[in-house]
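# Notes for the structure review
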Amino acid sequence: MTLFAQDRELKYVWVFNSKDSWLDDSIVGRSDHDVLGRQAAEKSEAVKRDVIRTERPAHFELASTVGSATRWFDIRVDIDRDGDDVVGIIGTSLEITEQKRREETLKTLLRELSHRSKNLLAIIQSLASQTARHSVTVPEFLVRFRGRIQSLAASQDIVTDADWRGADLVSLIAMQVERYAPDGVGQVHFEGCDVYLSPTASLHVGLALHELAVNAASYGSLSAPGGRVSIHSDIIDRDGESHLRLSWQETGGPRVRADHESRFGTSTLERIVPNSVGGEAVLDYLPDGIRYTLLIPDTQFEANEGR
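So, here's what we can say about the structure. (Residues numbered from 1 in each chain as written. Predicted model: local features only at pLDDT ≥ 70, side-chain atom pairs only at ≥ 80, totals over all residues. Heavy atoms only, no water.)

Before going further, it helps to spend a moment on helix 1 (residues 38-54). For helix 1, built from 17 residues, the straight-helix expectation of 24 Å at 1.5 Å per residue is met to within 8% by its first-to-last C-alpha distance of 24 Å. Of all the positions in helix 1, only Ala-40, Ala-41, Ser-44, Glu-45, Val-47, Lys-48, Val-51 and Ile-52 are classed as buried. Seen from one end, helix 1 has its buried residues packed into an arc of 160°, which puts them on one side. Looking at helix 1, the residues exposed on the side facing more than 90 degrees away from the buried face are Arg-38, Gln-39 and Arg-53. Looking at the buried positions of helix 1, the neighbouring elements they touch are strand 1 (2-7), strand 2 (12-16), strand 3 (58-66), strand 4 (69-82) and strand 5 (85-95). Positive phi appears at Glu-55, one or two residues downstream of helix 1, with a value of about 60°. (Helix = DSSP H or I, 4+ residues; strand = E, 2+ residues; numbered from the N terminus. Expected span 1.5 Å × (residues − 1). Buried < 20%, exposed > 50% of the residue type's maximum accessible area, 1.4 Å probe, protein only. Arc of directions from axis to C-beta. Contact = heavy atoms within 4.5 Å.)

Pasting the structure below:
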């Protein structure tokens, strides 16, 4: 903390403990306009003149910029008396730069949280609408909608645990798919590169994996003994840009009918997910099992160095 005194003309009389402060011994006899920028100096002197006029203490924050670096100080001033006469002001200056940085970081995080919350609510609203459109009864709607909300919550947990960086693909697959395999991990095989998906991609890819897993457990390869799901990921070049190619292939399940009915999962896989991540998707109903391929641009993922 730096201590200082100024006369009625706001010239500095003395400064104590000025090391690492915007004040130093050379300021004695000078004013704020001699060491601060115009805007900061005008603000400082206006507050100090008001203290002399009203004889009441004041408190304000001061920004001092040197080059590209800005430092913040908490300034407290009160009148300085000689007997009954007001001869100037006396004050303290305490650096609060780190505190201001933490406050700015917190504001940024809150803005980001608000943005992500709105996105999540928009996804939930879309899920509710689409699920209702493809449900015949209320109990059917509740079962499907509950499962999709749980899928979003599981993906969100991974994103949160990674400090909002996103979710790694391997964890997402384990969370969304393996719980639907009656024989455990033996029915689900993953091969390829692991990546960190962006928070937006994490939620939507997690939803896609959920839809594929539920469908496989209800009608496909995970509904039959010996059925398998193979998931493969690799990085490919597409029109000069890198893309993550995520492939899902079912084998060993019931034979897929050619006259399959369209469900909400179909629109999720073919339209909602690829549109949300700025990619492309192809869903094929092959006789041996469903094959799904999703292309995700590199703006939505980064390499997972730990894998």
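Strand order across the open sheet formed by five strands is 2-1-5-4-3, with antiparallel pairing between neighbours. Of all strands in the sheet, those with a lone pairing partner are strand 2 and strand 3, marking the two edges. Neighbour to neighbour, the strand axes of the sheet diverge by 25° on average, direction disregarded. By the bridge criterion, four bridges tie strand 1 to strand 2 in an arrangement that is antiparallel. Within strand 2, the position partnered with Ala-5 by the bridge is Trp-14. Helix 1 contacts strand 1, strand 2, strand 3, strand 4 and strand 5 of the sheet and is inclined by roughly 160° relative to strand 3. (Pairing = 2+ DSSP bridges. Axes fitted to C-alpha atoms, helices over the stretch in contact; angles between N-to-C directions.)

Right, let's get into the packing of aromatic side chains. Evaluation of the coordinates by the stated rule reveals two aromatic pairs. Aromatic pair Phe-141 and Phe-145: ring centres 5.3 Å apart, planes at 10°, arrangement stacked. You can see Phe-141 and its partner Phe-145 sitting in helix 3 (residues 138-161), four residues apart, about one turn around the helix. Like Phe-145, Phe-141 is buried. (Phe/Tyr/Trp six-rings, centres within 6.5 Å; stacked < 30°, edge-to-face > 60°.)

On to the pairing of strand 10 (residues 241-251). Where strand 9 (residues 228-238) lies against strand 10, eleven bridges are found, and the strand directions are antiparallel. Bridge pairing in strand 10 links Ile-235 to Leu-244. From the end of strand 9 to the start of strand 10, which pair antiparallel, there are two residues, and Asp-239 there has a positive phi angle of about 55°. As judged from the seven bridges shared by strand 10 and strand 12 (residues 289-297), these two strands associate in the antiparallel manner. Following the sheet pairing, Arg-245 is matched in strand 12 by Leu-295.

Next up on the list: the pattern of salt bridges. Taken as a whole and assessed by the stated rule, the structure comprises 16 salt bridges. The partner of Glu-95 in a salt bridge is Arg-71, and the shortest N-O contact between them spans 2.7 Å. With Glu-95 in strand 5 and Arg-71 in strand 4, this pair connects stretches of sequence that are 24 residues apart. On the basis of relative accessible area, Glu-95 is assigned to the partly exposed category, the value being 37%. Between Asp-234 and Arg-245 there is a salt bridge; the shortest N-O distance is 2.7 Å. Of this pair, Asp-234 sits in strand 9 while Arg-245 sits in strand 10, and the two are eleven residues apart along the sequence. Among the residues examined, Arg-245 registers a relative accessible area of 32% and is labelled partly exposed. (Salt bridge = Lys/Arg side-chain N within 4 Å of Asp/Glu carboxyl O.)

Glancing now at a negative patch on the surface. Side chains of Asp-237, Asp-239, Glu-241 and Asp-298 sit close together on the surface and give a patch of like negative charge. Since its relative accessible area comes to 74%, Asp-239 is described here as exposed. (Patch = residues over 30% accessible without salt bridge, like charges linked within 9 Å, V, L, I, M, F, W, Y side chains within 5 Å. Areas by Shrake-Rupley, 256 points an atom, 1.4 Å probe, with all protein chains shown as cover. Lys, Arg positive; Asp, Glu negative; His and termini not counted. Charge placed at Lys NZ, Arg CZ, Asp CG, Glu CD.)

Along the chain, the position of Leu-209 falls in helix 5 (residues 199-218). Leu-209 sits in the buried class, given a relative accessible area of 3%. As for Leu-209 and Trp-248, which are separated by 39 residues in sequence, their C-alpha atoms are 8.9 Å apart. Not counting the four nearest positions on each side in its chain, Leu-209 is found in contact with Leu-172, Ile-173, Gln-176, Val-177 and Trp-248.

A few words on the side chain of Gln-6. If you trace the backbone, Gln-6 turns up in strand 1. Overall, the relative accessible area of 2% leaves Gln-6 in the buried class. Of the polar contacts made by the side chain of Gln-6, one reaches the backbone oxygen of Leu-10; its length is 3.0 Å. Looking at Gln-6, its side chain comes within polar contact range of the side chain of Lys-48, at 2.8 Å. (Polar contact = N/O pair within 3.5 Å; in protein donor to acceptor, adjacent residues only side chain to side chain.)

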